[in-house]
Amino acid sequence: MRLRKEIDEMQEKEILLVAQISDALAHPARIKIFRYIMQCNKQRKQVCNKDLVEEFGYAQATISQHVKKLIDADLLQVMKKDRFSYYYVHLGTLQNYLDATRKFENM
């Protein structure tokens, strides 16, 4: 009986993860921002709010709101350096999300 409960809890965690990440990626602007940061990370370029404003043409406040949603979902990590905050994709969270969505596919 104990084994069954542990399996159910694991599934519940995965369900919550998929819901949280899906919600964070539910806006087209957040997907574009996330992809841009991921591409910059691959090229080893640092990305801060100023870079995102220049790239997308949104107001700084709009960019900040979208980035906060991605940070709250643990899709982005923030590294502060001087007065700037630089964003990095949290690949562990992304991989956990992809693994969980693959499990739903096979149900």
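Below: a short report on this structure. Keep in mind that what you see is a predicted model, and the values were worked out from it rather than measured.

Cut-offs used in this document
- Residues numbered from 1 in each chain as written.
- Predicted model: local features only at pLDDT ≥ 70, side-chain atom pairs only at ≥ 80, totals over all residues.
- Heavy atoms only, no water.
- Buried < 20%, exposed > 50% of the residue type's maximum accessible area, 1.4 Å probe, protein only.
- Helix = DSSP H or I, 4+ residues; strand = E, 2+ residues; numbered from the N terminus.
- Core = buried A, V, L, I, M, F, W, Y, C linked by side-chain atoms within 4.5 Å.
- Contact = heavy atoms within 4.5 Å.
- Salt bridge = Lys/Arg side-chain N within 4 Å of Asp/Glu carboxyl O.

1. Re unusual backbone geometry
Link 1 in the chain: The phi dihedral of D74 falls on the positive side, at around 65°, and the residue is not glycine.
Link 2 in the chain: In this structure D74 comes out as partly exposed when scored by relative accessible area, which is 35%.
Link 3 in the chain: Despite not being glycine, D82 shows a phi value in the positive range, around 55°.
Link 4 in the chain: Take D82: it is sitting in the loop between β1 (76-81) and β2 (84-89).
Link 5 in the chain: Among the residues examined, D82 registers a relative accessible area of 79% and is labelled exposed.

2. Focus: the nonpolar core
Link 1 in the chain: Of all hydrophobic cores here, the largest spans 23 residues; its most connected members are F34, I37, L52, L70, L75 and L76.
Link 2 in the chain: When residues of this core are traced back to their parent elements, those giving at least two are α1 (2-24), α2 (28-42), α4 (60-72), β2 and α5 (91-105).
Link 3 in the chain: Ranked by residues supplied to this core, first place goes to α2 with 5 residues.
Link 4 in the chain: In contact with I37, other than residues within four places in its own chain, are V47, L52, L76, Y87, Y88 and V89.

3. Details of the pattern of salt bridges
Link 1 in the chain: Considering all chains together, one arrives at 4 salt bridges under this definition.
Link 2 in the chain: In this structure, K69 engages D23 in a salt bridge whose closest nitrogen and oxygen atoms are separated by 2.8 Å. Placement of the pair is K69 in helix α4 and D23 in helix α1, with a sequence separation of 46 residues.
Link 3 in the chain: For K69, a relative accessible area of 30% corresponds to the partly exposed category.
Link 4 in the chain: Linking D99 and R102 is a salt bridge whose minimum nitrogen-to-oxygen distance equals 3.1 Å. Of the two residues, D99 and R102 both sit in helix α5, 3 residues apart, roughly one turn of that helix.
Link 5 in the chain: On the accessibility criterion, D99 (35% relative accessible area) is partly exposed.

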